[in-house]
Amino acid sequence: MVGEEKTFLRNRLYKPSENPEEDEVERKPKKESLEIPNNGQLDIKQLISKKIQLTVEAEQLKPFFMKEVGSHFDDFVTNLIERSTSLDSGGCALTSFSVLEGEKNNHRAKDLRAPPEKGKLFIMRRSLLDELFEVDHIRTIYHMFIALLIIFILSTLVVDYIDEGRLVLEFSLLSYAFGKFSVVIWTWSTMFLSTLLIPYFLFQHWANGYRKSSHPVLRSLVCGSLFMFFQIGGLGFGPTYVVLAYTLPPASRFIVILEQIRFVMKAHSFIRENVPRVLDSAKEKSSTVPIPRVSQYLYFLFAPTLIYRDSYPRTPTIRWGYVATQFAQIFGCLFYVYYIFERLCAPLFRNIRQEPFSARVLVLCVFNSILPGVLILLLTFFAVLHCWLNAFAEMLRFGDRMFYKDWWNSTSYSNYYRTWNVVVHDWLYYYAYNDFLWFFTKRFKSAAMLAVFAVSAIVHEYALALCLSFFYPVLFVLFMFFGMAFNFIVNDSRKRPIWNVMMWTSLFLGQGILLCFYSQEWYARQHCPLKNPTFLDYVRPRSWTCHYVF
């Protein structure tokens, strides 16, 4: 069908005749028909008829033209993205033409990368949404989200005016969620200073004395044990104790726990990237020890990447207007999420105790939670992976801004996992997946993928359990079992558009399940508190039995 449409389009646009003289004869009447008659007036009916005919022909050509342009634009953008991250065997960047020549049947190019031993390659590139927002059609979707936020604000004002008789614009939920922020500040400062000083000077001490030591293996074991003790004890239990001891509210907990995870991953990357360099220099008996400067490590701690390098591609200037825009959009997304909770979620879950827990209540809750769940997902992606990371990238002149790819076009869950959060995916790929294959040989790729899924699912559930103050492994089950099954079943061989529809459908349903289950459990624990809770009470779902308390 596509080939026939393209042929038809070409024939319509250019259809030469075998006899040029006949063409000239055919064109003469048309030309004469447009000439002014003897009376000196144009034939209006004939002009209208010609205009209608041209309009009909243009409308017939329009769908074929749009399909042709859309197909070529999609291939161009895809190949441009792939070219920016791929190298050929000679170490030169592939051109879009070389990628196109290797593709058959218009299939999407594979995700080419540098050899694993070379690690991630950083190059100058913009974020995908920054490029797409230059297209008016895409930017209109952004304007629609802004319009929806305005409607939420107006809805809140109108409802409050009708109910209270006055304009009430309170942010009690927002102020509660970010309460005890002073504790968050000094906890983050402690984590940052310890991550800056302890791993760096521990590595420096080990690297300077490794070659001179009479027992280099023992020295490595001692320093490695101290580093692991810092990771598990200092960065692991320290922030966790603060979160529990000071009973921080949810948003403040999220800040502490997510920063805790980020610092652990940053410290691991710094050690993982620099230890092999010291070992190689010792083997080569080099006169210098490759120890990074403190300023390089400090830059890495703030840079929007989890892969350490001594230097990164840098932009020439800082666009402070761009930085201000990104932070303004972050605050906009924050208020957006607040209004979604206030207008869509809170009325749904506040009256949980009025109906007993049942399958009917659960099914209705899931489907009512899909819309707010999807909105929160999109806003979180835009605020964190685009605005937040781009703001810091701009302030640090960090050049490589591929923090995500076109995950919304994914036709498989394997591609979705690779493109949703490139920053975390790169860390898992190079330090979990590749290191697992290196340690257990490359015959256990499925086991390595299973291990990566397990680590990711456990960390996600750990963050949610601490931030919400209860253990309810809904995300773990969805991620570890359904997500892993979809990763193998709906793999990269699925290319048809129907699989993109299936991916979005399952994603919508998953967001509804997560928001419904966790919100029900949160409000159940608020409405049905226990006087002397035991450990089992923290892991036993309260929403299943909340109605029995009253």
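Residues numbered from 1 in each chain as written. Predicted model: local features only at pLDDT ≥ 70, side-chain atom pairs only at ≥ 80, totals over all residues. Heavy atoms only, no water.

### What about the overall build of the chain?
Right, so step 1: A count of helices and strands for the chain gives 20 helices and zero strands.
Right, so step 2: Out of the 550 residues in the chain, the part that is buried amounts to 40%.
Right, so step 3: A separation of at least 24 residues holds for 76% of the contacts in the chain among residues at least 6 apart in sequence.
Right, so step 4: If you sum the accessible surface of the chain, you get close to 32500 Å²; carbon and sulfur atoms cover 66% of it. (Helix = DSSP H or I, 4+ residues; strand = E, 2+ residues; numbered from the N terminus. Buried < 20%, exposed > 50% of the residue type's maximum accessible area, 1.4 Å probe, protein only. Contact = heavy atoms within 4.5 Å. Areas by Shrake-Rupley, 256 points an atom, 1.4 Å probe, with all protein chains shown as cover.)

### Notes on the side chain of N421
Right, so step 1: Its place among the elements puts N421 in the loop between α15 (413–420) and α16 (422–440).
Right, so step 2: At 3.3 Å, the side chain of N421 and the backbone nitrogen of V424 are in polar contact.
Right, so step 3: If we skip the residues at most four places from it in the chain, N421 touches L385 and F403. (Polar contact = N/O pair within 3.5 Å; in protein donor to acceptor, adjacent residues only side chain to side chain.)

### A look at the pattern of salt bridges
Right, so step 1: On inspection of all chains with the given rule, the structure shows ten salt bridges.
Right, so step 2: For R277, the salt bridge identified is with D310, shortest N-O distance 2.8 Å. Taken together, the residues R277 in helix α10 (residues 250–283) and D310 in the loop between α11 (294–302) and α12 (320–349) connect sequence positions 33 residues apart.
Right, so step 3: Judged by its relative accessible area of 28%, D310 is partly exposed.
Right, so step 4: A salt bridge links E521 to R525, with the shortest nitrogen-to-oxygen separation between them at 2.8 Å. Taken together, the residues E521 and R525, both in helix α19 (residues 497–527) and four residues apart, mark about one turn of the helix. Accessibility classification places E521 together with R525 in one group, the buried group.
Right, so step 5: Counted as one network, the salt bridges with shared partners bring together R319, E394 and R401. (Salt bridge = Lys/Arg side-chain N within 4 Å of Asp/Glu carboxyl O.)

### Let's talk about the confidence of the model for the chain
Right, so step 1: Confidence along the chain averages 78 in pLDDT terms, with 77% of residues attaining 70 or more.
Right, so step 2: Per-element averaging of pLDDT across the chain places helix α4 (residues 96–102) at the bottom with 34 and α11 at the top with 94.
Right, so step 3: Segment residues 12–35: pLDDT under 50, and eight contacts once partners within four positions in sequence are set aside and those in other chains are kept.
Right, so step 4: Note on residues 85–117: pLDDT under 50 across the span, and 51 contacts to partners over four residues away in sequence or across chains. (pLDDT = per-residue confidence, 0-100.)

### Focus on the nonpolar core
Right, so step 1: W408 and Y518 are the most contacted members of the largest nonpolar core, which totals 107 residues.
Right, so step 2: Ignoring sequence-local partners within four residues, the contact set of W408 consists of L128, L129, L132, F381, N500, M503 and W504.
Right, so step 3: Within the second largest apolar cluster, five residues are counted, among which are F453, F479, M480 and M484. (Core = buried A, V, L, I, M, F, W, Y, C linked by side-chain atoms within 4.5 Å.)

### As for unusual backbone geometry
The bulk of non-glycine residues show a negative phi, and the bulk of peptide bonds are trans.
Right, so step 1: Of note in this structure, T247 is not a glycine but carries a positive phi near 45°.
Right, so step 2: For T247, the position within the fold is in the loop between α9 (216–245) and α10.
Right, so step 3: The partly exposed category is assigned to T247, whose relative accessible area is 49%.
Right, so step 4: The backbone phi angle of S469 is positive, close to 70°, even though this residue is not glycine.
Right, so step 5: Tracing the backbone shows S469 in the loop between α17 (445–468) and α18 (474–489).

### Let's talk about α18
Right, so step 1: Over its 16 residues, α18 extends 21 Å from the first C-alpha to the last, a length consistent with the 22 Å expected when each residue adds 1.5 Å.
Right, so step 2: Here α18 has its buried residues at V474, L475, F479, M480, G483, M484 and N487. (Expected span 1.5 Å × (residues − 1).)

### Here we look at the packing of aromatic side chains
Each aromatic ring pair is summarised here by two numbers: the centre-to-centre distance and the angle between the ring planes.
Right, so step 1: Scanning the model with the defined rule gives 47 aromatic pairs in all.
Right, so step 2: Their ring planes at 35° and their centres at 5.9 Å tell us that Y416 and W420 sit as a pair that is tilted. Pair noted here: Y416 and W420 are both in helix α15, with a separation of four residues, about one helical turn.
Right, so step 3: With relative accessibility at 8%, the residue Y416 sits in the buried group.
Right, so step 4: Put simply, the rings of F381, Y404, W407, W408, Y413, Y416, Y417, W420, F453, F479, W504 and F508 pair up and form one aromatic cluster.
Right, so step 5: The ring centre of F263 lies 4.7 Å from the NZ or CZ of R262, which sits over that ring. (Phe/Tyr/Trp six-rings, centres within 6.5 Å; stacked < 30°, edge-to-face > 60°. Lys NZ or Arg CZ within 6 Å of the ring centre and 35° of its normal.)

### Description of the side chain of R525
Right, so step 1: For R525, a relative accessible area of 13% translates into the label buried.
Right, so step 2: There is a polar contact of 2.8 Å between the side chain of R525 and the side chain of E521.
Right, so step 3: What R525 contacts, discounting residues up to four positions off in sequence, is F470, D537, Y538, V539, R540 and R542.

### What to know about a nonpolar patch on the surface
Right, so step 1: Together, I44, L47, I48, I52 and V56 give the surface a local cluster of nonpolar side chains, amounting to about 450 Å² of exposed area.
Right, so step 2: Take V56: it is sitting in helix α3 (residues 44–84). (Patch = residues over 30% accessible without salt bridge, like charges linked within 9 Å, V, L, I, M, F, W, Y side chains within 5 Å.)

### Examining the state of the cysteines
Right, so step 1: Throughout the structure, instances matching the rule amount to one disulfide.
Right, so step 2: With its sulfur 2.2 Å from that of its partner, C365 forms a disulfide with C516. For the disulfide bridge between C365 and C516, the dihedral angle about the S-S bond is near 130°, and by the sign convention the bridge is right-handed. Remark: C516 occurs in helix α19 and C365 occurs in helix α13 (residues 359–368); sequence separation between them is 151 residues. (Disulfide = S-S within 2.5 Å.)

### Considerations on the packing of α9 against α10
Right, so step 1: Two elements in contact, α9 and α10, have axes whose closest approach is 10 Å; the angle formed by their N-to-C orientations is 175°. Classified by the angle between their axes, α9 and α10 sit roughly antiparallel to one another. Counted together, F227, Q231, L235, G236, P239, T240, V243 and L244 of α9 and R253, V256, I257, Q260, F263, V264, A267, H268 and I271 of α10 form the full contact between these two elements.
Right, so step 2: Residue composition of the contact of α9 with α10, by class: eleven nonpolar, five polar and one charged. (Axes fitted to C-alpha atoms, helices over the stretch in contact; angles between N-to-C directions. Parallel < 35°, antiparallel > 145°, perpendicular 65-115°, else oblique. Nonpolar A, V, L, I, M, F, W, Y, C, P; charged D, E, K, R; others polar.)

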